[in-house]
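The primary structure of each chain is shown beneath.
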Amino acid sequence: MTLLKAADLREFCRQLATAAGASQIASDLVADSLVASNLRGVDSHGVSLLPYYLAQWKTADVDVQATGDIASEAGCCINFDGRNAIGQLVAARCCEHAVRLADQCGVGLVTARESNHFGAAAYWAKRISDQRRIGIVLCNASPLVPPWQGREGRLGTNPICMAVPGGEEPAWLLDMATTTVAANKIFKAFNNQTPTIPAGWAMDKEGVPTTSTNEAYHGLLMPLGGYKGSGLAVMVEILCAVLSGSAIGTELGGIRFPGKPVRVSQFFLAIDVARFMPVGEFGARMDKLIRMLKSTAPAKGYEEVLVANDPERRVEAERLQHGIPIDAGTWERLTKSAAALNVPSPPLLPASPPTSGS
Ligand SMILES: NC(=O)c1ccc[n+]([C@@H]2O[C@H](COP(=O)([O-])OP(=O)(O)OC[C@H]3O[C@@H](n4cnc5c(N)ncnc54)[C@H](O)[C@@H]3O)[C@@H](O)[C@H]2O)c1
């Protein structure tokens, strides 16, 4: 396990991205979004993705020079053509447009077609909520998930994310795959040679539930809660892929399908709370809801009731203080990329973090 300060890891990733040909803006966005995910403890969508991105940029599966442009704008709706640009660059531009449209119309809806992997959806929904709007972000992904009762991949892990503006932090931030877990959790277990994964995460090639990491890696992901998660994934596919005119289901590539354009699509919705009630009143009502939830008597075996974003916020506080741990498999791949691109190694923290105050 390697331990780094967030700022050093961010700078290292930024240098890797720039050395691989990304623009300054894109490099900053890629580095910041990936490290933000590690900070929140969502390591499956952190810097472990960067070596895959670098490989895609090298083989020109992604156009590092492209920036995307508006394909159509009507009222509060934009269809953005990503033109195979870096996903984080497309997402940043779409968030800006969504907030601009929400200023004008109360809501702003931007779909992005022909885009690429943008990391964790939370980073983008939070970008909208940081502008005092409710942000809802969806995206489709490589077809690794069968529709319920199937045994062939047709859908992605298609995450659903919503961030509600609060004070410094969102008042509520839900970011979830529509599978039991995000695919990268299984890839990460495979890369780190963890032999088993928890029950309910995946199926083998025949569609039979498995806890073998190897069978899961070569098999299929489990829809969240059976046919309900499967239905939500279809909802995301409709709002992202069908609505934007981008690739649908099996037409997608992915960061692990070299040579096939990724062609993911995304959905960014910004809602201006002030069109419904004074922002202060909305904040008080959100506080009331969160207090009501968190004051619930905990079920046997639990000490408290949490709301979405509580676990990530706690990890973030801890990692900001003690550093971000990077697993051996990811670190090996990152240092290999750094050697190939002549990027110097970043400073590392001592393996066991000092206790506070020392
Ligand atoms: N870009 C892509 O293609 C893609 C595809 C799929 C998933 N993802 C990302 O993968 C990441 C991980 O997704 P996941 O589904 O594995 O996340 P997860 O299961 O770890 O968490 C899902 C949500 O549940 C909340 N939560 C966790 N424990 C809780 C508790 N005890 N009480 C209340 N709420 C709780 C979390 O705050 C989070 O909002 C997300 O960031 C998602 O955007 C990205």
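The structure reproduced in this document is the subject of the present report. (Residues numbered from 1 in each chain as written. Predicted model: local features only at pLDDT ≥ 70, side-chain atom pairs only at ≥ 80, totals over all residues. Heavy atoms only, no water.)

**Here we look at helix α2 (residues 24–39)**
Argument step 1. The terminal C-alpha atoms of α2, which comprises 16 residues, lie 22 Å apart, in line with the 22 Å expected from a rise of 1.5 Å per residue.
Argument step 2. All buried positions along α2 are accounted for by A26, S27, L29, V30, A31, S33, L34, V35, S37, N38 and L39.
Argument step 3. Contact partners of the buried residues in α2: α1 (6–19), α3 (50–58), α4 (87–105), α5 (121–129), α10 (310–322) and β12 (324–326).
Argument step 4. Phi turns positive, to about 85 degrees, at G41, one or two residues after α2. (Helix = DSSP H or I, 4+ residues; strand = E, 2+ residues; numbered from the N terminus. Expected span 1.5 Å × (residues − 1). Buried < 20%, exposed > 50% of the residue type's maximum accessible area, 1.4 Å probe, protein only. Contact = heavy atoms within 4.5 Å.)

**Looking at the side chain of D327**
Argument step 1. Positionally, D327 belongs in the loop between β12 and α11 (328–341).
Argument step 2. This buried residue, D327, is left without a salt bridge; K188 holds the nearest opposite charge, at 4.3 Å.
Argument step 3. Reaching out from D327, the side chain makes a polar contact with the backbone nitrogen of G329 at a distance of 3.2 Å.
Argument step 4. A polar contact of 2.9 Å, which involves the side chain of D327, links it to the backbone nitrogen of T330.
Argument step 5. With sequence-adjacent residues up to four places away left out, D327 is seen in contact with M1, K188 and N192. (Lys, Arg positive; Asp, Glu negative; His and termini not counted. Salt bridge = Lys/Arg side-chain N within 4 Å of Asp/Glu carboxyl O. Polar contact = N/O pair within 3.5 Å; in protein donor to acceptor, adjacent residues only side chain to side chain.)

**Notes on the packing of α1 against α11**
Argument step 1. Viewed as axis vectors pointing N to C, α1 and α11 meet at an angle of 45 degrees, and their least axial separation amounts to 10 Å. Here α1 lies oblique to α11, going by the angle between them. Crossing geometry of α1 relative to α11 is assigned as left-handed. Where α1 approaches α11, its residues F12, L16 and A19 are matched on the opposing element by W331, L334, S337, A338 and L341. (Axes fitted to C-alpha atoms, helices over the stretch in contact; angles between N-to-C directions. Parallel < 35°, antiparallel > 145°, perpendicular 65-115°, else oblique. Left-handed = near helix turned anticlockwise from the far one by under 90°.)

**Notes on empty space enclosed by the protein**
Rolling a probe over the atoms, with the probe sized like a water molecule, indicates the empty space that remains.
Argument step 1. The final tally for this structure, using the stated rule, is two cavities of 30 Å³ or more.
Argument step 2. Counted as a void, the largest cavity has a volume near 110 Å³.
Argument step 3. Lining the largest cavity are 14 residues, with S48, Y52, K188, N191 and T330 sitting closest to its centre.
Argument step 4. No other element matches helix α6 (residues 183–191), which puts four residues into the lining of the largest cavity. (1 Å grid on protein atoms, 1.4 Å probe; cavity = no way out; pocket = protein on both sides within 12 Å on 5 of 7 lines; lining within 4 Å. Points joined across faces, edges and corners; volume = space filled by probe spheres on them.)

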